[in-house]
Structure formats: structure tokens, C-alpha cells
Amino acid sequence: MWIIKTEHKRDEDGGTVALELETDDKRLDVNVRWDGCTEIHVYSVTEENCELKDTFHTCDLKGFIETLHTLDNVCQDYFGEGSYWERKKDEEE
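So, how was this worked out
- Residues numbered from 1 in each chain as written.
- Predicted model: local features only at pLDDT ≥ 70, side-chain atom pairs only at ≥ 80, totals over all residues.
- Heavy atoms only, no water.
- Helix = DSSP H or I, 4+ residues; strand = E, 2+ residues; numbered from the N terminus.
- Rg over C-alpha atoms; globule rule 2.2 N^0.38 Å.
- Buried < 20%, exposed > 50% of the residue type's maximum accessible area, 1.4 Å probe, protein only.
- Contact = heavy atoms within 4.5 Å.

Novice: How should I be thinking about the overall build of the protein in this particular structure?
Specialist: Secondary structure assignment for the protein yields one helix and five strands. Counted from the first residue to the last, the protein has its helices and strands arranged as β-β-β-β-β-α. In terms of overall size, the protein is more extended than a compact globule, its C-alpha atoms giving a radius of gyration of 17 Å where 93 residues would be expected to give roughly 12 Å. By principal-axis analysis of the C-alpha atoms, the protein measures approximately 55 × 35 × 20 Å. Burial statistics for the protein: of 93 residues in total, 18% are counted as buried. Within the protein, contacts between residues separated by at least 24 positions form 6% of all contacts whose residues are at least 6 apart in sequence.

Given below as C-alpha cells:
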């Protein structure tokens, strides 16, 4: 799913300091650093066939993912059956 476009290395010891990645469908590209700071670019095609790009920047990617996960749970609870948010059988608690 993820393609590494560029790997940035430190001069001193050759360690990786950053990666530039994109998904194989090119809907997401990400710049992620060793310290957790991440910039995420999301590309979408609108009804008018225009490309829309959203950018998210965080220095706590794991916390951002956890927050999105809890948002998904709230939406599943609120909208429920018949909606985009409907829980699949394997997701039920």
C-alpha cells in the first residue's frame, strides 16, 4: 500500500531521519520524521471532478490515529445501522 519515494539520511551516521511516502492509489502522500512529526496530504476528487487537497500536520501521529479511532467509534454509535459508519460484524464488541 505504501511506496517510499524518498529516504532522507543523516550525514553523521547514515540513519534515516525522514521518509516521503505515497499510497499506490496516490490518494495520500506523507512526510514523516524520526521524531514523530508528520505531514499528511489527502487528495480527493469532488463531484465537479476537481482535485481537493487537505493537509494535516502533527507531531504526535500515534495520538492523532487514536483520536481518529475514537471519532470513528462515536460516529458508529451515533449514526449506526444503514449509514457509512455502520459496524461490520467483525468490528462489534
